Each structure stands twice: as structure tokens, then as C-alpha cells.
Amino acid sequence: ALYGRVERPECIACGLCQMLAPDLFDYDQAGIAYYKPDRNTGTKALDGQATIHFRLAYKRCPTHAIKRSDHAFDADPYTPT
Ligand code: F3S
């Protein structure tokens, strides 16, 4: 399985992930991205078309703020405010 999350302190609000994968990423009021499917907790597995979109954003994020894992994340989720 593939899980994703934005390491929010590393996001510079460039906007690319939301352009490449609008189904997966959105911004808080400060323009900092979060992962939409599970409110950035990294606990909901991706599948199908979403996986392709995720990989695009993952590769293109300029600060590598988008993280991926083959198991659910369990650390501080950096949830949007
Ligand atoms: Fe931030 Fe990277 Fe998206 S800098 S807005 S997480 S592409």
C-alpha cells in the first residue's frame, strides 16, 4: 500500500502539488499544503488513479515536503489549522 503526507514545516507554499493532484492536496489559510484524503494524518492508503497523481506531485515538490511510505504514518501528523 502507499500512504502520503505533507511534512508541513518543509512546505514553501509553491502550489505545485495542488495543480498536479487537486484530488489529493489542498491548502490551509497560510497557503501551506496538506494531504486531503485523511487530513494529512497519512493513514489512508492510496489506490488506482490517485497513486499516479500522488507520484507526480511527490516527484515535483521543490522542497521534498511530500512524504510517502508503504505503511501508515504514526508520528505527529501536522494537521492543517
Ligand atoms: Fe508545498 Fe511542495 Fe506542495 S512546497 S505546496 S508541498 S509542491
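Residues numbered from 1 in each chain as written. Predicted model: local features only at pLDDT ≥ 70, side-chain atom pairs only at ≥ 80, totals over all residues. Heavy atoms only, no water.

Points about the nonpolar core
Quick reminder of the rule: Each nonpolar core is a collection of buried residues, namely Ala, Val, Leu, Ile, Met, Phe, Trp, Tyr and Cys, held together in the definition by side-chain atoms within 4.5 Å. We call a residue buried when its accessible area falls under 20% of the maximum for its residue type, exposed when it is over 50%, and partly exposed in between, using a 1.4 Å probe and counting protein chains only. Secondary structure follows DSSP: runs of H or I at least 4 residues long count as helices, runs of E at least 2 residues long count as strands, and numbering of each begins at the N terminus. Note on contacts: a residue pair is in contact if any heavy atoms of the two residues lie within 4.5 Å.
Residues Val6, Leu24, Phe25, Leu46, Phe54 and Ile66 are the most contacted members of the largest nonpolar core, which totals 17 residues. The dominant element in this core, judged by the number of residues it contributes, is helix 2 (residues 49–60), at three residues. With residues near it in sequence (within four places) discarded, Leu46 still touches Leu2, Leu24, Tyr35, Thr51 and Phe54.

Some thoughts on the packing of aromatic side chains
To be explicit about the condition: Side-chain rings of Phe, Tyr and Trp, where Trp is taken by its six-membered ring, are said to pair if the distance between their centres is within 6.5 Å; with planes under 30 degrees apart they count as stacked, over 60 as edge-to-face, and otherwise as tilted. Distance and angle both matter: a charge sits over a ring if NZ of Lys or CZ of Arg is within 6 Å of the ring centre and within 35 degrees of the ring normal.
Summed over the entire model, instances satisfying the criterion amount to four aromatic pairs. Relative to Tyr35, the ring of Phe25 has its centre 5.8 Å away and its plane inclined at 65 degrees; by these criteria the two rings are edge-to-face. Here Tyr35 lies in strand 3 (residues 33–35) and Phe25 lies in strand 2 (residues 25–27), a separation of 10 residues in the sequence. Comparing Phe25 with Tyr35, the two get one shared label, buried. With a centroid separation of 6.2 Å and 85 degrees between ring planes, the pair formed by Tyr35 and Phe54 is classed as edge-to-face. Pair noted here: Tyr35 is in strand 3 and Phe54 is in helix 2, with a separation of 19 residues, a long-range link. You can call Tyr35 buried: its relative accessible area is 0%. In this structure Phe54 comes out as buried when scored by relative accessible area, which is 0%. Ring-pair connections join several aromatic residues into one group, and the members of that group are Phe25, Tyr35, Phe54 and Tyr58. The residue whose ring lies beneath Arg39 is Tyr34, and the NZ or CZ to ring-centre distance is 5.4 Å.

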